[in-house]
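# Observations on chain architecture
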Amino acid sequence: MKHIVKIMTLPLAISAFWIGLASINRSTYPYTWLLPIYFIVSLGCYGLLMVGVGLMQFPTCPQEALLLRQVLHRSFCLDDCYWLPFSNFFSFSCFYKLSTCSFV
Amino acid sequence: MEKEKNKYSIIVPTYNEHINIALIIYLIFKHLQDVDFEIIVVDDGSPDGTQDVVKQLQQVYGEDRVLLRPRPKKLGLGTAYIHGLKHASGNFVVIMDADLSHHPKYLPSFIKKQLETGASIVTGTRYVKGGGVHGWNLMRKLTSRGANVLAQTFLWPGVSDLTGSFRLYKKSVLEDIISSVVSKGYVFQMEMIVRASRKGYHIEEVPITFVDRVYGSSKLGGSEIVEYLKGLAYLLVTT
């Protein structure tokens, strides 16, 4: 079954429930017409909450960047050149350093 | 015993990576010492001498361990994997980036996880305990989280990191999936894992860290976000 069909069953079921409610006497459930709005708002809240929680718990690894830098430095004396922002100078600097370090 | 029978083909697509490719090959050999593997470098005609560096490395490590399979020009990531796959002799294929954002020290954990679980795919995830990302600003993190929530809500993929590209596949599984994948760029990895999940392949995850280049090409602009949303909609209706 296509995934879109699975996903669509949920809003369809909710819609059916809502239409059912709406067809009942209005005086029994006077705020039925507001339910779709509540649903959309709660969906938005859920999305924002998940993004917020994900952002707060976002796993970072600054120690890995340090370790990588150490590995580069130990193995290839690339400590300076790898992090240089200027691309032309970057290449030149690295080639120079590679030829002077104990590479391969 | 089983470990000895398996051979791992590590496909590394490159473009202008003459420094990083040397480092990555060195690190792979350092971290995979008792494993039968080959590294297949698929270079898209880099003008910076990447292929020359790989040829030098072939002399050091052997042409049967480091394979250079170049292509004349930039032809896209998906076709680079297909190209590498044609030359792979292992029964498992690892795909990873050459820019050192994927550290080869995690390769043993991929292999161990596969052996323990018999999974068809082991995918590296940055978003669980033990994993992580370095080098992203708040906007990049926000975009990533938003994209992830959207994908998890609408696609139910069963994995926590859809766009990561550090993965181990059974070769037959990769051949099966890659033939049906049509997306390019950012959405490619997501389509691969979603299609695999829909086909019912056993997917396992291992935590990895992702150290982005401090001065690199990890930009995520408006057009990438639009492409991502289009890819999401496409996967929603086609899988």
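- As annotated in an unreviewed UniProt entry, chain B carries the name Dolichol-phosphate mannosyltransferase subunit 1 and comes from Turnera subulata.
- Regarding chain B, the UniProt comment filed under Pathway (unreviewed entry) reads as follows: "Protein modification; protein glycosylation."

- By the naming in an unreviewed UniProt entry, chain A goes by Dolichol-phosphate mannosyltransferase subunit 3 and is assigned to Turnera subulata.
- As recorded by UniProt, the Pathway (unreviewed entry) comment attached to chain A reads in full: "Protein modification; protein glycosylation."
- UniProt, in the comment section headed Sequence similarities (unreviewed entry), describes chain A in these words: "Belongs to the DPM3 family."

### Some points on the overall build of chain A
- Helix and strand counts for chain A stand at four helices and zero strands.
- When the helices and strands of chain A are read in sequence order from the N terminus, they spell out α-α-α-α.
- For chain A, with 104 residues in total, the buried portion stands at 26%.

### A few points about the side chain of Ser165(B)
Residue and element names in this part refer to chain B.
- Position of Ser165 relative to the elements: it lies in the loop between helix H6 (138-155) and strand S7 (167-170).
- Residue Ser165 is classed as buried on the basis of its relative accessible area of 8%.
- When sequence neighbours within four positions are dropped, the list of residues in contact with Ser165 reads Ile95, Met96, Asp97, His102 and Gln189.

### Section: the pairing of S7(B)
Residues and elements named next belong to chain B.
- Where strand S4 (residues 92-95) lies against S7, four bridges are found, and the strand directions are antiparallel. Across the sheet, Val94 pairs through a bridge with Leu168, a residue of S7.
- The sheet contact formed by strand S5 (residues 121-125) and S7 spans three bridges and is antiparallel. Pairing of Ile121 across the sheet is with Tyr169, part of S7.

Here is what the cut-offs are and how they apply
Residues numbered from 1 in each chain as written. Chains lettered and ligands numbered in written order. Predicted model: local features only at pLDDT ≥ 70, side-chain atom pairs only at ≥ 80, totals over all residues. Heavy atoms only, no water. UniProt positions renumbered as here; feature names shortened; annotations may be inferred. Helix = DSSP H or I, 4+ residues; strand = E, 2+ residues; numbered from the N terminus. Buried < 20%, exposed > 50% of the residue type's maximum accessible area, 1.4 Å probe, protein only. Contact = heavy atoms within 4.5 Å. Pairing = 2+ DSSP bridges.

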